[in-house]
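So you can see what is in the structure, the chains are spelled out below.
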Amino acid sequence: MGRNSSLAIVVATVLLMSMVGSAYSGNFFNEFDLTWGDHRGKIFNGGSMLSLSLDRVSGSGFKSKKEYLFGRIDMQLKLVAGNSAGTVTAYYLSSQGETHDEIDFEFLGNETGKPYVLHTNVFAQGKGNREQQFYLWFDPTKNFHTYSIVWRPQHIIFLVDNLPIRVFNNAEKLGVPFPKSQPMRIYSSLWNADDWATRGGLVKTDWSKAPFTAYYRGFNAAACTVSSGCDPKFKSSFGDGKLQIASELNAYGRRRLRWVQKYFMIYNYCSDLKRFPRGFPPECKRSRV
């Protein structure tokens, strides 16, 4: 069996697994505030659904009522369909201030029929520039898919439909700051970034296709919050490195991580010789799983 055939089988298997949904109980009325965009952000279906829209006048956004310090955050998104070039749907954790911490998913829109770019980044003490970018192995506009952040003292894991796509390890021993002391809220926004988002800004937003809309459901947080402490589902493994690695980065998870990074990663700052001609950042030396 050729390499392309093997890849097709793996993709089909992963897509089938992603269709098996999980039961979530997070209610958007209880968990989030619509923060900007006037009527362009909406919570509906009794709090089980949320949408953000972008038009020529404004985008929109929301943030969590709670602040989190470590945990697992899951959200199901269905991205802007059709010609989404120039648009960015951002979903991230962040604290505030010049020395803020941040963990980013950003979905960079594209012309009809061309793939979204999934952009990830990690900020610690105000410093980011730790980008990895991916294509997805499915159309993220056709169905809802789950995007997760696992944030623990020893690592951050980015997951798509429960498959790890990126691991950012704590490398404080090498002098690299790591987000571990600043509580963060969940934020999401849909906005116009046609000066850079699609092909470096060469493709502009087609406002004749507005409004652009992204949909959210299935929020779940198994996490520690400033207001109410740690969720038992997360606390049971908190601080136990062996147990935590077994959950998301067991043998199967590591194989899937390598598969995603081999076939779908399109940019890795740890491989950018032009950007780092004098040597890669120290955390790059221990970025492999």
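Numbering of residues begins from 1 in every chain and follows the order in which that chain's sequence is written. Only residues with pLDDT of 70 or above have their local features reported here, since the model is predicted, and side-chain atom pairs are shown and tallied only from 80 upward, although totals for entire chains, interfaces and linings are computed over all residues. Heavy atoms throughout the structure, all of them, feed into the side-chain values; hydrogens and water do not.

The protein chain is annotated in an unreviewed UniProt entry as Xyloglucan endotransglucosylase/hydrolase from Camelina sativa. Turning to the protein chain, the UniProt record has this under Function (unreviewed entry): "Catalyzes xyloglucan endohydrolysis (XEH) and/or endotransglycosylation (XET). Cleaves and religates xyloglucan polymers, an essential constituent of the primary cell wall, and thereby participates in cell wall construction of growing tissues." UniProt positions are given in the numbering used here, feature names are shortened, and annotations may be inferred rather than shown by experiment.

Attention now moves to the state of the cysteines. When two cysteine sulfur atoms lie within 2.5 Å, the pair is treated as a disulfide. Under the counting rule described, the total for this entry stands at two disulfides. Through a disulfide, Cys224 is tied to Cys230; the S-S separation comes to 2.0 Å. Negative torsions about the S-S bond denote left-handed disulfides, and the value of about 100° found for Cys224 with Cys230 makes this one right-handed. Relative accessibility decides the category of a residue: with a 1.4 Å probe and only protein chains considered, values under 20% of the type maximum give buried, values over 50% give exposed, and everything between is partly exposed. Residue Cys230 is classed as partly exposed on the basis of its relative accessible area of 34%. One disulfide bridge connects Cys270 with Cys284, the sulfur atoms lying 2.0 Å from each other. The sign of the -80° torsion about the S-S bond sets the Cys270-Cys284 disulfide as left-handed. Of this pair, Cys270 sits in the segment after β16 (265-268) while Cys284 sits in the segment after β16, and the two are 14 residues apart along the sequence. Note on Cys284: relative accessible area 12%, which makes it buried. By sequence-ordered numbering of the bonded cysteines, the protein chain has its disulfides arranged as 1-2, 3-4. We count a stretch as a helix when DSSP gives it H or I for four or more residues in a row; a strand needs E for two or more, and each element gets its number in order from the N terminus.

Before going further, it helps to spend a moment on the pattern of salt bridges. We count a salt bridge whenever a side-chain nitrogen from Lys or Arg sits within 4 Å of a carboxyl oxygen from Asp or Glu. Scanning the entire structure with this criterion turns up 12 salt bridges. Put simply, Lys66 and Glu31 hold a salt bridge, and the shortest N to O gap is 3.8 Å. Here the residue Lys66 occupies a position in the loop between β4 (60-64) and β5 (68-78), and Glu31 occupies one in helix α2 (residues 28-31), the gap between them amounting to 35 residues. Look at Lys66 and you get partly exposed, because its relative accessible area is 30%. With its nearest N and O atoms 2.9 Å apart, the salt bridge here joins Arg72 to Asp74. What makes Arg72 buried here is its relative accessible area of 19%. A residue is classified by how much of its surface remains accessible, and Asp74, at 5% relative accessible area, is buried. Here the salt bridges do not stand alone but share partners, grouping Arg72, Asp74, Arg152 and Glu248 into one network.

Below, the discussion takes up the pairing of strand β3 (residues 49-54). Burial runs high along β3: six of the six residues are buried. Both faces of β3 are covered, namely the face carrying Met49, Ser51 and Ser53 and the face carrying Leu50, Leu52 and Leu54. By the bridge criterion, four bridges tie strand β2 (residues 41-44) to β3 in an arrangement that is antiparallel. Following the sheet pairing, Ile43 is matched in β3 by Leu50. Strands are treated as partners if at least two bridges between them are detected by DSSP.

To continue, consider the side chain of Thr198. Relative to the helices and strands, Thr198 is located in the loop between β13 (185-192) and β14 (212-225). For Thr198, a relative accessible area of 2% translates into the label buried. The residues contacting Thr198, other than those within four sequence positions of it, are Ala85, Gly86, Gly109, Asn110 and Val203. Between two residues, a contact is recorded if the distance between any of their heavy atoms is within 4.5 Å.

With that settled, the discussion passes to the sheet that holds β13. The sheet built from eight strands is open, its strands ordered β1-β4-β13-β6-β7-β8-β9-β16 with antiparallel pairing. In this open sheet, the two strands that pair with only one neighbour each are β1 (32-36) and β16. Averaged over all pairs of adjacent strands, the angle between strand axes in this sheet comes to 15°, irrespective of strand direction. An axis is simply a line fitted to the C-alpha atoms; with a helix, the fit covers only the stretch in contact. Between two such axes, the angle follows the N-to-C directions and lies from 0 to 180 degrees.

Turning our eyes to something else, we now look at the environment of Arg217. As for its position among the elements, Arg217 is in strand β14. For Arg217, a relative accessible area of 34% translates into the label partly exposed. A distance of 2.6 Å separates a polar atom in the side chain of Arg217 from a polar atom in the side chain of Gln76. What qualifies as a polar contact is a pair of N or O atoms within 3.5 Å, subject to a donor-acceptor requirement within protein and to the restriction that residues adjacent in sequence count only when both atoms come from side chains.

Counting through the fold element by element, Asp104 comes out in strand β7 (residues 102-108). Positive residues here are Lys and Arg, negative ones are Asp and Glu, while His and the chain termini are left out of the count. Summary of buried charges: Asp104 has no salt-bridge partner, and the nearest side chain of opposite charge, Arg166, is 8.6 Å away. Setting aside residues up to four positions removed in sequence, Asp104 forms contacts with Tyr91, Tyr92, His119, Thr120, Asn121, Phe123 and Phe158.

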